[in-house]
Amino acid sequence: MAKGMREIKRQIKSVQSTKQITKAMEMVAAAKLRKAQEKAEAARPYSEKLKEVVASIATSTQGIQHPMLDSRPVKKTAYLIITSDRGLAGGYNANILRQVNLTLKERHNSQDDYELFVIGRKGRDYFRRREMAMASTITDLSDSPAFADIKSIAHEAVHGFELAKFDELYICYNRFVNALTQIPTVEKLLPMDTPELSAADGPTASYEYEPSAEAVLEVLLPRYAETLIYGALLNGKASELGAKMTAMGNATKNASKLINDLSLTYNRARQAAITQEITEIVAGANAAQG
């Protein structure tokens, strides 16, 4: 009995140590989540202003042509997939990778029909284990990434569409709703739809372009597409930290419940041991009197 009680006590201490770790990780994730949300909000005005200028050119200039605005027969599709470098984030990575895998199976018959651009070690390892070729990967991003960190892969994906290496570009990420909810999202980035660009809220300014609207659009459209990729990355980072905070919060609650259950088991074992000792003492006293 004493040996069993010592084992239970050891288990309680072990779970208490784990609870301290998960609680600390939950608090760290919560602090980082606030910063990630602030960074995503700070990047939004630039993206919206860029969209306004691009929309102004695309809708007000007659006969303007650009490969990023032109739909063409789809022979090959590219997917830019955003995952995390580390785990302990609940279903964050599993959800988006499951959605991507389902999309690939539904839309394509062969790996020759698509290209993969992958951000995050979890996604890279997932496709590598399945021997699925990747055009480009980036790992080891911080929890507060700068645009420069993903500029190379964003430029490669956007430029590949301009060069007609593929005919569509989709971005795949977890869209942040709140700390409890992240929605796996696969949305088309290229070619851009002019009606969507022109659907800007509120009044828009009138611009004059130098040297020409076409020349300005040539520079702004790729930059706008890369900005959308960066915005999705920031959204994905907020989702990752929200999922991590929730997962660590659940782990802390489960640890507390396990500690209570083990404490109850320990107290019952201790009570049983005391009762047994009393019974043995009484039995010995009665035997001595007899």
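Residues numbered from 1 in each chain as written. Predicted model: local features only at pLDDT ≥ 70, side-chain atom pairs only at ≥ 80, totals over all residues. Heavy atoms only, no water.

### Re empty space enclosed by the protein
This model, assessed by the stated rule, comprises one cavity of 30 Å³ or more. Of the volumes computed, that of the largest cavity is approximately 40 Å³. For the largest cavity, the full set of lining residues is K35, A36, K39, D143, S144, P145, L234 and K237. Contributing elements (two or more residues each) for the lining of the largest cavity: α1 (2-60) and α6 (213-289). The biggest single contributor to the lining of the largest cavity is α1, with three residues. (1 Å grid on protein atoms, 1.4 Å probe; cavity = no way out; pocket = protein on both sides within 12 Å on 5 of 7 lines; lining within 4 Å. Points joined across faces, edges and corners; volume = space filled by probe spheres on them. Helix = DSSP H or I, 4+ residues; strand = E, 2+ residues; numbered from the N terminus.)

### Thoughts on the pairing of strand β1 (residues 77-82)
Here β1 lies mainly inside the structure; six of its six residues are buried. Of the two faces of β1, both are covered, the one formed by T77, Y79 and I81 as well as the one formed by A78, L80 and I82. Examined bridge by bridge, β1 and strand β2 (residues 114-119) share six bridges and lie parallel to one another. Considered in β2, the bridge of L80 is made with F117. Chirality of the crossover, the property in question, places the unit of β1, helix α2 (residues 92-107) and β2 among those that are right-handed. In the sheet, β1 pairs with strand β4 (residues 168-178) via five bridges, with the strands oriented parallel. Directly across from T77, in β4, lies its bridge partner E168. (Buried < 20%, exposed > 50% of the residue type's maximum accessible area, 1.4 Å probe, protein only. Pairing = 2+ DSSP bridges. Right-handed = clockwise from strand over helix to strand, strands pointing away.)

### Examining the pattern of salt bridges
For the structure shown, the criterion picks out 13 salt bridges. A salt bridge links K23 to E26; the nearest nitrogen and oxygen atoms lie 3.8 Å apart. In this pair, K23 and E26 both sit in helix α1, three residues apart, roughly one turn of the helix. We note a salt bridge from K151 to E226, for which the minimum N-O separation is 3.8 Å. Here K151, found in helix α4 (residues 147-162), pairs with E226, found in helix α6; they are 75 residues apart in sequence, far enough to count as distant. Of the residues examined, E226 reaches a relative accessible area of 5% and is grouped as buried. (Salt bridge = Lys/Arg side-chain N within 4 Å of Asp/Glu carboxyl O.)

### Thoughts on a nonpolar patch on the surface
Together, I274, I278 and V282 make up a nonpolar patch on the protein surface, roughly 250 Å² of accessible area in all. Along the polypeptide, V282 turns up in helix α6. (Patch = residues over 30% accessible without salt bridge, like charges linked within 9 Å, V, L, I, M, F, W, Y side chains within 5 Å. Areas by Shrake-Rupley, 256 points an atom, 1.4 Å probe, with all protein chains shown as cover.)

### Considerations on the layout of surface pockets
Estimates place the volume of the second largest pocket at around 180 Å³. Forming the walls of the second largest pocket are A43, Y46, F147, K151, V219, P222, R223, E226, T227 and Y230. Only α1, α4 and α6 provide two or more residues apiece to the lining of the second largest pocket. Top contributing element to the lining of the second largest pocket by residue count: α6, with six residues. Looking at the lining of the second largest pocket, its residues break down into six nonpolar, one polar and three charged. (Nonpolar A, V, L, I, M, F, W, Y, C, P; charged D, E, K, R; others polar.)

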